[in-house]
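Below are the chains, spelled out letter by letter.
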Amino acid sequence: MAGTKHSRAPGSPRGLDPQGCIEREGSLGRIPQAFHPVVATARDRILDAFGTRLHSAYLYGSVPRGTARVGRSDLDLLVALREEPTDADRAEARALDEALDQEFPQIDGSGILLHSRTRVLSDLERYDLGWFVACLCTPLLGEDLAKYLPRYRPDSLLARETNGDLALHLQRWRKRIEEVTGGAAGDAAAGESRRSLVRGVSRRLVRTGFTLVMPRWNGWTSDLNEMAEVFGQYYPERAGQMRSAAVAAYEPGPDPAVLRCYVDDLGPWLAEEYARVHGVKAARA
């Protein structure tokens, strides 16, 4: 059953239980003290915002892993509704994100992923969104959907269905880069937009690089620096680029040249290699 905790056998790969399945990350007990008020407020406001439509809510990312940095880390939440989210639900989630970000200097932004219970448990999402909830999300409210999902191994199927769509992201990123590089060099807002894009794209590339080699390494980690190092064991000729991307994911700068390198060199190579090794992710509507 997904979500069941096991003690790791001595010498077993990081992130796996004795049966070779990915252990669930994070717990409410690991939340740093400084973030307790943020999480408590988010919990109450999610209940107020969605009421009986709410099925369950989860934390993910650095806060439940216990690695969040005050003033530097964001608050990541996933909310599963009993029905498909409406435009009004999405507006409510955006308003909640903005309010949390404004009220709590401990966080550098808040982001709520909004999905339906049906989608999380669907066959199409079993090895993507379902895996994400079962292995990377910490239950905060409601019934834990992990109990309806399988145990997951770091295999090629999981690699394909989590990050086998990089080519589609490259198309979106190129368009977004054009949007954020049009401002003046000293434009603070434009610089912040570029930093945000560098951080997001860097994270995605490092995670994709890691899952490319994950089945061979036979383990799991969410630490971006470790992901880059693991990747470099198998692709030493690209190790420097991936290490730099991991640094940029934590400490992003506004240089548009970084983004262009991603979409002109590292990204296209990684997408092609990923498709060769694992295939392409099942298409979404």
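Note that the structure is predicted; figures quoted are calculated from it, not measured.

**Q** Could you give me a rundown of the packing of aromatic side chains, with the residues and numbers involved?
**A** Ring pairs (aromatic) are described by centroid distance and by the angle formed between their planes. Throughout the structure, instances matching the rule amount to eight aromatic pairs. Both rings, one in Y60 and one in F132, keep their centres 4.8 Å apart while their planes meet at 75°; by these two values the pair is edge-to-face. One end of the pair, Y60, is in strand β1 (residues 54-60); the other, F132, is in helix α5 (residues 129-136), with 72 residues separating them in the sequence. According to the relative accessible area criterion, Y60 is buried, its value standing at 15%. Here the aromatic rings of Y127 and Y152 are separated by 5.4 Å at their centres, their planes lie at 80°, and the arrangement is edge-to-face. Of this pair, Y127 sits in the loop between α4 (117-120) and α5 while Y152 sits in the loop between β4 (137-142) and α6 (156-163), placing them 25 residues apart in sequence. What makes Y152 buried here is its relative accessible area of 2%.

**Q** Which residues make up the confidence of the model for the protein, and what values go with them?
**A** The predicted model of the protein averages 93 in pLDDT, with 94% of residues at 70 or higher. When the criterion is pLDDT under 50, residues 1-12 qualifies, and its contacts beyond four places in sequence or with other chains add up to 26 contacts.

**Q** Can you lay out the packing of helix α8 (residues 188-217) against helix α11 (residues 256-278) for me, pointing to particular residues and giving the numbers?
**A** The interhelical angle for the contact between α8 and α11, taken along N-to-C directions, is 25°, at an axis separation of 10 Å. With respect to each other, α8 and α11 are oriented roughly parallel. Along this stretch, α8 crosses α11, giving a crossing that reads as left-handed. Residue-level inspection shows R194, L197, V198, V201, S202, L205, T208, G209, T211, L212 and P215 of α8 in contact with α11, the latter providing P256, V258, L259, Y262, L266, G267, L270, E273, Y274, V277 and H278. The class makeup of the residues in the contact of α8 with α11 is 14 nonpolar, six polar and two charged.

Criteria and thresholds
- Residues numbered from 1 in each chain as written.
- Predicted model: local features only at pLDDT ≥ 70, side-chain atom pairs only at ≥ 80, totals over all residues.
- Heavy atoms only, no water.
- Phe/Tyr/Trp six-rings, centres within 6.5 Å; stacked < 30°, edge-to-face > 60°.
- Helix = DSSP H or I, 4+ residues; strand = E, 2+ residues; numbered from the N terminus.
- Buried < 20%, exposed > 50% of the residue type's maximum accessible area, 1.4 Å probe, protein only.
- pLDDT = per-residue confidence, 0-100.
- Contact = heavy atoms within 4.5 Å.
- Axes fitted to C-alpha atoms, helices over the stretch in contact; angles between N-to-C directions.
- Parallel < 35°, antiparallel > 145°, perpendicular 65-115°, else oblique.
- Left-handed = near helix turned anticlockwise from the far one by under 90°.
- Nonpolar A, V, L, I, M, F, W, Y, C, P; charged D, E, K, R; others polar.

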